[in-house]
Amino acid sequence: MSRNISVILSILIACVSLQAENTDFDALYSRYKDTESSRLQRLGRACLERQHTDSAIAIFTILAKRCEGSPHTSDRKYAIEARLGLGVIHFINANYAAAYSNFLTASELEGKP
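Residues numbered from 1 in each chain as written. Predicted model: local features only at pLDDT ≥ 70, side-chain atom pairs only at ≥ 80, totals over all residues. Heavy atoms only, no water.

Enquirer: Tell me about the packing of aromatic side chains, residues and numbers included.
Expert: On inspection of all chains with the given rule, the structure shows one aromatic pair. An angle of 65° between the planes, with centres 5.2 Å apart, marks the rings of Phe91 and Tyr96 as edge-to-face. Accessibility expressed as a relative area gives 47% for Phe91, which makes it partly exposed. (Phe/Tyr/Trp six-rings, centres within 6.5 Å; stacked < 30°, edge-to-face > 60°. Buried < 20%, exposed > 50% of the residue type's maximum accessible area, 1.4 Å probe, protein only.)

Enquirer: Tell me about the packing of helix H2 (residues 37–49) against helix H3 (residues 53–67), residues and numbers included.
Expert: Relative orientation of the contacting elements H2 and H3 amounts to 150°, with a least axis distance of 8 Å. One way to sum up the angle between H2 and H3 is to call them roughly antiparallel. With respect to the hand of their crossing, H2 and H3 are arranged in left-handed fashion. Between H2 and H3, the residues in contact are Ser37, Leu40, Gln41, Leu43, Gly44, Arg45, Cys47 and Leu48 and Ser55, Ala56, Ile59, Phe60, Ile62, Leu63, Arg66 and Cys67, respectively. (Axes fitted to C-alpha atoms, helices over the stretch in contact; angles between N-to-C directions. Helix = DSSP H or I, 4+ residues; strand = E, 2+ residues; numbered from the N terminus. Parallel < 35°, antiparallel > 145°, perpendicular 65-115°, else oblique. Left-handed = near helix turned anticlockwise from the far one by under 90°. Contact = heavy atoms within 4.5 Å.)

Enquirer: With reference to specific residues and values, describe H2.
Expert: Since the α-helix turns once every 3.6 residues, residues separated by three or four places project in the same direction. For H2, which comprises 13 residues, the first-to-last C-alpha distance of 18 Å matches the rise-based estimate of 18 Å (1.5 Å per residue) to within 8%. Every buried residue of H2 is listed here: Ser37, Ser38, Leu40, Gln41, Gly44, Ala46 and Cys47. Once H2 ends, the next one or two residues include Gln51, with phi positive near 65°. (Expected span 1.5 Å × (residues − 1).)

Enquirer: Could you give me a rundown of the side chain of Thr105, with the residues and numbers involved?
Expert: For Thr105, the location among the structural elements is in helix H5 (residues 96–111). Separated by 2.9 Å, the side chain of Thr105 and the backbone oxygen of Ser101 make a polar contact. Discounting residues that sit within four places of it in the chain, Thr105 has contacts with Glu68 and Arg83. (Polar contact = N/O pair within 3.5 Å; in protein donor to acceptor, adjacent residues only side chain to side chain.)

Enquirer: I'd like to hear about the pattern of salt bridges, residue by residue, with values.
Expert: In the structure shown here, the tally under the stated rule is one salt bridge. For Arg45, the salt bridge identified is with Glu81, shortest N-O distance 2.5 Å. With Arg45 in helix H2 and Glu81 in helix H4 (residues 73–92), this residue pair connects regions lying 36 residues apart in the sequence. (Salt bridge = Lys/Arg side-chain N within 4 Å of Asp/Glu carboxyl O.)

So this is what it looks like as structure tokens:
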């Protein structure tokens with residue numbers, strides 16, 4: 001009986017931890033969704049330099065998603081850099097498939113007229 005209780009408690013703790021992670025990203029998104037792209041770019045670089053990879057991933061993701069569909073060259077520049085930053089983070093974390101995907105997306109964005 002006590003083993004069942006400990007298993008249930010472990011599952012509840014894991015669920016709460018996952019919810020907390022989602023809340024952190026949601027909070028970051030809410031905080032930075034209206035921030036200009038150049039500021040997000042600088043903030044993402046700063047997080048990467050300080051090895052705050054979770055924050056850098058969130059910020060680069062916001063920037064990449066915001067700029068991907070935009071026809072403006074300046075927005076594409078930010079999306080390319082965001083994808084390269086995401087690629088570097090994934091490469092450092094040995095997630096080579098995600099790194100390759102981000103590097104490929106950056107290359108495709110750069111090749112568009």
